[in-house]
Amino acid sequence: MIGLISATAAGAVARDRLAAAWPDRTRVYEGPVGEAVRSAFAECAQLVCFLATGATVRLLAPLLADKAADPGVVCVDEGGRFAVSLVGGHGGGANELARQVGELLGAEPVVTTATDAVGLTGLDTLGLPCEGAVAAVSRALLDGEPVALDAELAWPLPPLPVSPRGSYTIRLTDRDVEPGEREVLLRPPSLVVGVGASKGAPVDEVLGLIEGTLREAGLSPRSVAELATVDAKSAEPGILGAAERLGVPVVTYSAGELAAVEVPNPSAAPLAAVGTPSVAEAAALLGGGELLVPKRKSDASPAMATCAVVRRPGRGRLAVVGLGPGARDLLTPRATAELRRASVLVGLDQYVDQIRDLLRPGTRVLESGLGAEEERARTAVEEARRGHAVALIGSGDAGVYAMASPALAEASDDIEVIGVPGVTAALAAAAILGAPLGHDHVSISLSDLHTPWEVIERRVRAAAEADLVVTFYNPRSRGRDWQLPKALGILAEHRAPTTPVGVVRNASRPDGSSRVCTLAGIDPACVDMMTVVTVGNTATRTVAGRMVTPRGYRWQSGRGERPEETR
């Protein structure tokens, strides 16, 4: 919950705007400001104070205890010009909250955390438990000193400007070791503990078995991702209590699923009790991985709990990102976040140049020229399979005549794939032309490099006969100058010469151009590969220089019915 505090009428106006926008996330604290701040500080995970920074600092000072536990605090000035991340920038999430508040209120977010200020990934923002010399290693990264990454297992980390060797070290490990003087330990959630328990098994027995097993195996409890068991034990208090104390979820599987897993130590006892010859080992192994600790029983007599430990490899991450038509303000926030999340970027060189300034220090860039689409797709998938966080970029929407299809044809379920939509060239061009896509429409690529012309021609004829608005991608190049006239001629067999046609080049970019002409008047020579051509249907009209395709034919024919609004 986010506590909202204000002292003046102007502050209350901005406060109430925030409360209205986030009704489920916020709580307004009324009354004397000092009491309101103290109450919100004790009860909320974050605060937004519509107060002067000096006043906020004086009110907060007696309350601050530990930056790892204190709530994040954002301060907004009376004029609503700035949203200042004041306390708990990373641990309390104040930096991100300042950005969100700024976006909603139209205020400038002010973030002074050193790593954020220079675009570095903060070690305490990786989403992994970290321990050791966090401040010292962060300072070394900021100062450009060599910091080595010692990754004992592959994991999809965000970008870090690390070196092969260095006097400081970031160590990614699930082993139970102590950090060195100039070392940060990152704990990936790589361990799955399979648990079996008799009815009524005490929490202390289950937890003691798990902790003792991890300790003897030299494994860190901070790397435990989950406890896994059979679904018949989903409500067993001992297992649930142990998971709660470890701060991890309980994942359950059916007896049939567990019985299908090959294990080294099957037993008749669980088979008779719950229908599978193994619970602990099978539950730990079901998601794949290496069995580090085979089934062990607790030391109680009789033993009421068993456990086994598996290390699951880090699952690589591939984000297929659409960059939009080229204008920076049409690049979505989600796309920007994925670009900054990726430690490896794969893309066409000219697209990489568009967003290079958004990449964090330490991002490895693999760029290539035109004609290497399949190679880029394979490279991106291979890098993800090595355990990296990868972004594969394409223009417009990556799923429309772009990189998503070759990448997903290569990818299997051994990596995580995230699709990030982008504004397509057809949509960007349509917004410039007016509303040509107001009714059913289709996009067709006229490039016969990957599709035989016979197939393309058949699709154009089908669109013409169906009276669909058509947007042509890849309409004409130096080596392909006859396909566009041929396609336009097919449409002309079914549409009037006066049918509006929109021609947009470099939609949304500074050097972009557009014009509306007719099917009879379009000059194919003015079209190139940077152009999209949109041909209206029989109902499309030109209104005040803009293409308009009505939602329904009856409205256009003058029957007096208004088109229904888009929902």
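Here goes a summary of the coordinates provided.

Rules of the game
Residues numbered from 1 in each chain as written. Predicted model: local features only at pLDDT ≥ 70, side-chain atom pairs only at ≥ 80, totals over all residues. Heavy atoms only, no water. Helix = DSSP H or I, 4+ residues; strand = E, 2+ residues; numbered from the N terminus. Buried < 20%, exposed > 50% of the residue type's maximum accessible area, 1.4 Å probe, protein only. Contact = heavy atoms within 4.5 Å. Areas by Shrake-Rupley, 256 points an atom, 1.4 Å probe, with all protein chains shown as cover. Lys, Arg positive; Asp, Glu negative; His and termini not counted. Charge placed at Lys NZ, Arg CZ, Asp CG, Glu CD. Salt bridge = Lys/Arg side-chain N within 4 Å of Asp/Glu carboxyl O. Pairing = 2+ DSSP bridges.

Some points on the overall build of the protein chain
- The helix and strand inventory of the protein chain stands at 19 helices and 28 strands.
- If you line up the protein chain on its principal axes, its C-alpha atoms span 90 × 65 × 55 Å.
- Looking at the 567 residues of the protein chain, the share that counts as buried comes to 46%.
- A separation of at least 24 residues holds for 64% of the contacts in the protein chain among residues at least 6 apart in sequence.
- Carbon and sulfur atoms make up 51% of the accessible area of the protein chain, which totals about 26500 Å².
- Distance between charge centres in the protein chain, computed from 56 positive and 67 negative side chains, equals 4 Å.

Focus on the pattern of salt bridges
- If you walk through the whole model with that rule in mind, you get 27 salt bridges.
- We note a salt bridge from Glu-152 to Arg-171, for which the minimum N-O separation is 3.0 Å. Of this pair, Glu-152 sits in the loop between strand E8 (147-151) and strand E9 (168-172) while Arg-171 is found in strand E9, placing the two residues 19 residues apart along the sequence.
- Residue classification places Arg-171 among the buried residues on the basis of a relative accessible area of 14%.
- Arg-495 is the partner of Asp-467 in a salt bridge, and the nearest nitrogen-oxygen pair spans 3.9 Å. Of this pair, Asp-467 sits in the loop between helix H17 (453-465) and strand E23 (469-473) while Arg-495 sits in the loop between helix H18 (483-492) and strand E24 (500-505), and the two are 28 residues apart along the sequence. Just as Asp-467 is buried, Arg-495 falls in that class too.
- Through salt bridges with shared partners, one network takes in Glu-152, Arg-171, Arg-175 and Glu-183.

Describing the sheet that holds strand E21 (residues 434-435)
- Taken in spatial order, the three strands make up an open sheet running E21-E28-E27, and their pairing is mixed. The two strands at the open ends of the sheet, each matched to only one other strand, are E21 and strand E27 (541-543).
- When E21 meets strand E28 (residues 546-548), the two strands line up parallel, connected through two bridges. Across the sheet, Gly-434 pairs through a bridge with Met-547, a residue of E28.

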